[in-house]
Amino acid sequence: MKHLLSTRDLDRATAVGILDVAEDMADVATREVKKLPTLRGKTVINLFFEDSTRTRTSFELAAKRLSADLITFSAKGSSVSKGESLKDTAQTLAAMGADAVVIRHSASGAAQTLADSGWIDAAVLNAGDGTHEHPTQALLDAFTMRRRLHGAASRGKDLDGLRVTIVGDVLHSRVARSNVWLLNTLGATVRLVAPATLLPANTSGWPVTIGFDLDEAINDDPDVVMMLRIQAERMHAAFFPNAREYSRQWGLDGERLERLRPDTMVMHPGPMNRGLEISASAADSSRSTVLEQVANGVSIRMAVLYLLLSGDREATA
Amino acid sequence: MTARTVLQPADITRALTRISHEILESNRGGSDLVILGIPTRGVSLARRIGTILEGIEPGSGTVGSLDVTMYRDDLAGQPTRAPSPTQMPKGGIDGKTVVLVDDVLYSGRTIRAALDALGDHGRPRAVRLAVLVDRGHRQLPIRADFVGKNLPTSSDERIRVRLLETDGIEEVTIES
């Protein structure tokens, strides 16, 4: 693995391998000294052209736990706000000797562009590009599901037969796209539920079934219900009449929550719009994995950084 | 390439039994003893030593595993290694006598990594080293306290330890 740009090009063995390494990284968090010397002397650069708290701090913590040196650039407060291009920024970082660049960008394909450009030799990790992909989020979601299912015996397992329903703003969601590909690779079946206006125009190549009715999907007894955030910042048109109507039709409220099995997982990538796509009772219930997802995010990002930055990079190119 | 068998199953069992007795002797009994295997085959050997210790002195066979992948000094320039699980015994290692167990002692670099890793888990009272085979060619000032067999080798020979748990057969061979 030279870069991590999308989950679509991961095969099952590689994906399970990443999750297994993350299991070992999770053990580090339970130790007295929560630090490994593995990436000493490596430089990781967080390049965030879009706002983020969870992903950015999670990558920061992951890099620090592995003893890498870390610098965070955010678009505000850097030369990007003076109009510097991605190329110039990348070449500046290359000149500083970056070994890995974690990039979040509002343009789909930005990470791919950076990886293919030749502007910089570093490993590129996609931390979310437009409405395209967010691979580490999908990996941490899969990791969370696997841990809830198999507990300490998770190593080596995939998600064969697991039935996952993803609900909400699929159109703008890179999390949904990354999850669709990864979950399919790991053997789970995915169902998307959304208002027709919030589904992409063409989903013909996607390995999913599509529904428009959340109640029907819940009656079908899914193993996982993943609620997506309504991305108001990307909505420049009216996709549904109003928040109350959306919440009534596609929100996970207390009544719908009660109809799920006690061990059905309720997931949300965060940040949550409480009362819109997910009610407080669902977000705080024992079915909710929201905080586990955050904790597991650090382990997954440690695993990915380790796999990309250790070993002979020329040989794996 | 020729392979020569140097230890048969019975030899391995005898060596581990002797090592177990030596561990108890040097520790003056089985109290506060933790046996930590280094993956992969060191873990199998540590479990066997634990079983033997348990037979001699019940309660003395506390076994765990210690993965050293993240502490190696040769991570760059090699294909990426997948780490193995580390399992510390419930009581931890603080104040205990830890016996590290590995299959082959060669350069000593794995053991250096293990000592670093151990320091991040706690502060043992003492650390000892048990190996099934010591083949020489040390690159660091490290030696084993308990050795199954000393095998003088040349550095272009290859020692292969195969155990029932991991390989389905049980033998130690020299390939050259």
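1. Focus on the nonpolar core
Residues and elements named next belong to chain A.
- If you look at the biggest cluster of nonpolar residues, it comprises 140 residues, and the most contacted ones within it are A100, V101 and L305.
- In terms of residues, this core owes the most to one element, helix 11 (residues 290–309), which gives 10 residues.
- Lining this core are residues from two domains, each supplying at least three of them: domain 1 (12–134 + 295–316) and domain 2 (136–289).
- If we ignore the near neighbours within four places in the chain, the residues touching L305 are L39, V44, A62, A63, L66, A68 and A100.

2. What to know about the domain arrangement of chain A
All names here are of chain A.
- Per the domain assignment, the segments making up chain A are domain 1 (12–134 + 295–316) and domain 2 (136–289).
- Spacing between the C-alpha centres of domain 1 and domain 2 amounts to 26 Å.
- Listed by partner, the interface residues are 22 residues for domain 1 and 23 residues for domain 2.
- For the side of domain 1 that touches domain 2, the leading source of residues is helix 1 (residues 12–28), giving 8 residues.
- Classifying every residue of the side of domain 1 that touches domain 2 by side-chain character gives 8 nonpolar, 7 polar and 7 charged.

3. Here's the deal with the interface of chain B and chain A
- In this assembly, 17 residues from chain B lie in contact with 16 residues from chain A.
- Broken down by class, the residue content of the side of chain B that touches chain A amounts to 8 nonpolar, 6 polar and 3 charged.

4. Things to note about the environment of A:E23
All names here are of chain A.
- Assignment of secondary structure puts E23 in helix 1.
- Along the backbone, E23 and Q91 are 68 residues apart, and their C-alpha atoms lie at a distance of 35 Å.
- For E23, the residues in contact, after removing those within four places along its chain, are S154 and R155.

5. Side note on the packing of helix 1 (residues 9–26) of chain B against helix 2 (residues 41–56) of chain B
Residue and element names in this part refer to chain B.
- Closest axis-to-axis distance for the helix 1/helix 2 pair is 9 Å, and the angle between their directions is 60 degrees. The handedness of the crossing between helix 1 and helix 2 comes out as right-handed. Of the residues in helix 2, those in contact with L16, T17, I19, S20 and L24 of helix 1 are L45, R48, I49, I52, L53 and I56.
- Broken down by class, the residue content of the contact of helix 1 with helix 2 amounts to 8 nonpolar, 2 polar and 1 charged.

6. Description of the packing of helix 5 (residues 135–150) of chain A against helix 6 (residues 174–185) of chain A
Residues and elements named next belong to chain A.
- Taken N-terminus to C-terminus, the directions of helix 5 and helix 6 make an angle of 55 degrees; their axes are 8 Å apart at the nearest point. Regarding the angle of helix 5 to helix 6, the classification is oblique. Judged by the twist between their axes, the crossing of helix 5 over helix 6 is right-handed. Each of P135, Q137, A138, L139, D141 and A142 in helix 5 lies in contact with helix 6, whose residues at this interface are V175, S178, N179, L182 and L183.
- Within the contact of helix 5 with helix 6, the residues separate by chemical class into 7 nonpolar, 3 polar and 1 charged.

7. A closer look at helix 6 of chain A
Residues and elements named next belong to chain A.
- Given a rise of 1.5 Å per residue, 12 residues ought to cover 16 Å, and the 17 Å separating the end C-alpha atoms of helix 6 matches this to within 8%.
- Of all the positions in helix 6, only R174, V175, A176, R177, S178, N179, V180, W181, L182, L183 and T185 are classed as buried.
- Of the residues trailing helix 6, G187 is marked for its positive phi of about 100 degrees.

8. Some points on the pairing of strand 1 (residues 43–48) of chain A
Residues and elements named next belong to chain A.
- Taking burial as the measure, the 6 residues of strand 1 include 5 buried ones, the bulk of the element.
- Where strand 1 and strand 2 (residues 69–74) come together, 6 bridges link them in parallel fashion. Within the sheet, the bridge partner assigned to L47 lies in strand 2 and is F73.
- Bridge count between strand 1 and strand 3 (residues 100–105): 5 bridges; the pairing is parallel. Bridged to N46 within strand 3 is V102.

Rules and cut-offs
- Residues numbered from 1 in each chain as written.
- Chains lettered and ligands numbered in written order.
- Predicted model: local features only at pLDDT ≥ 70, side-chain atom pairs only at ≥ 80, totals over all residues.
- Core = buried A, V, L, I, M, F, W, Y, C linked by C-beta atoms within 7 Å.
- Buried ≥ 20, exposed ≤ 12 C-beta atoms within 10 Å, placed from the backbone.
- Helix = DSSP H or I, 4+ residues; strand = E, 2+ residues; numbered from the N terminus.
- Domains from an automatic or database assignment.
- Contact = placed C-beta atoms within 7 Å.
- Nonpolar A, V, L, I, M, F, W, Y, C, P; charged D, E, K, R; others polar.
- Axes fitted to C-alpha atoms, helices over the stretch in contact; angles between N-to-C directions.
- Left-handed = near helix turned anticlockwise from the far one by under 90°.
- Parallel < 35°, antiparallel > 145°, perpendicular 65-115°, else oblique.
- Expected span 1.5 Å × (residues − 1).
- Pairing = 2+ DSSP bridges.

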